[in-house]
Amino acid sequence: MRLLPPPFLNKSEFGSRRTAVRHRVDEDEMAVPKRKVSPMRRGNRRAHDKLERVNYQEDPHTGEYVLRHHVDLKTGMYRGRQVIAPKGD
């Protein structure tokens, strides 16, 4: 079925009205993906969602677990040397 312009409108006005009606979006429509997401693309998107291990290491002197490359605030030791004053003092 072909749309014909009303007799009182010229062609340029009819063209603008027709495009306005063609691109109208109803309020109850949702965004829908055009294509299925491939397994590779889905995996690439999820690559950064993994949980990383926490870098705990047992302190040989106290036996407590401390973060690697961090000063033990309880004792003030780092790599076998006294770096800061212990927390209790």
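This text follows the structure it describes.
Cut-offs applied
- Residues numbered from 1 in each chain as written.
- Predicted model: local features only at pLDDT ≥ 70, side-chain atom pairs only at ≥ 80, totals over all residues.
- Heavy atoms only, no water.
- Helix = DSSP H or I, 4+ residues; strand = E, 2+ residues; numbered from the N terminus.
- Buried < 20%, exposed > 50% of the residue type's maximum accessible area, 1.4 Å probe, protein only.
- Contact = heavy atoms within 4.5 Å.
- Areas by Shrake-Rupley, 256 points an atom, 1.4 Å probe, with all protein chains shown as cover.
- Salt bridge = Lys/Arg side-chain N within 4 Å of Asp/Glu carboxyl O.
- Patch = residues over 30% accessible without salt bridge, like charges linked within 9 Å, V, L, I, M, F, W, Y side chains within 5 Å.
- Lys, Arg positive; Asp, Glu negative; His and termini not counted.
- Charge placed at Lys NZ, Arg CZ, Asp CG, Glu CD.

A. Spotlight on the overall build of the protein. Secondary structure summary: the protein contains 2 helices and 4 strands in total. Start at the N end of the protein and walk to the C end: the helices and strands fall as α-α-β-β-β-β. Counting all 89 residues of the protein, 7% fall into the buried class. For the protein, restricting intrachain contacts to residue pairs at least 6 apart in sequence, the fraction spanning at least 24 positions comes to 0%. Just so you have it, the protein exposes about 9400 Å², and 54% of that area is on carbon and sulfur atoms.

B. A look at the pattern of salt bridges. Tallied over the full model, the rule gives 1 salt bridge. Across the pair Glu64 and Lys74 runs a salt bridge, and its minimum N-O distance is 3.2 Å. Residue Glu64 is located in the loop between β1 (56–58) and β2 (65–67), and its partner Lys74 is located in the loop between β2 and β3 (77–78); the two are separated by 10 residues in the primary sequence. The exposure class assigned to Lys74 is exposed, which follows from its relative accessible area of 54%.

C. Molecular detail of unusual backbone geometry. In this model, His69 sits at a positive phi of 65°, which is unusual for a non-glycine residue. With respect to the element layout, His69 can be found in the loop between β2 and β3. Residue classification places His69 among the exposed positions, given a relative accessible area of 62%. Phi is positive for Arg79, close to 55°, though the residue is something other than glycine. Positionally, Arg79 belongs in the loop between β3 and β4 (81–82).

D. Seen up close, the environment of Met77. Relative to the helices and strands, Met77 resides in strand β3. For the pair Met77 and Asp59, spaced 18 residues apart in sequence, the C-alpha to C-alpha distance is 9.9 Å.

E. Highlighting a positive patch on the surface. Taken together, the side chains of Lys36, Arg42, Arg45 and Arg46 make up a positively charged region of the molecular surface. Among the secondary structure elements, Lys36 is positioned in the loop between α1 (11–22) and α2 (39–46). Look at Lys36 and you get exposed, because its relative accessible area is 79%.

F. Representation of the side chain of Asp59 within the structure. Inspection of the secondary structure assignment puts Asp59 in the loop between β1 and β2. Put simply, Asp59 is tucked away with no salt bridge, and the nearest opposite charge, on Lys74, sits 9.9 Å away. Asp59 has contacts with Glu64, Val66 and Asp72, leaving out every residue within four places of it along the chain.

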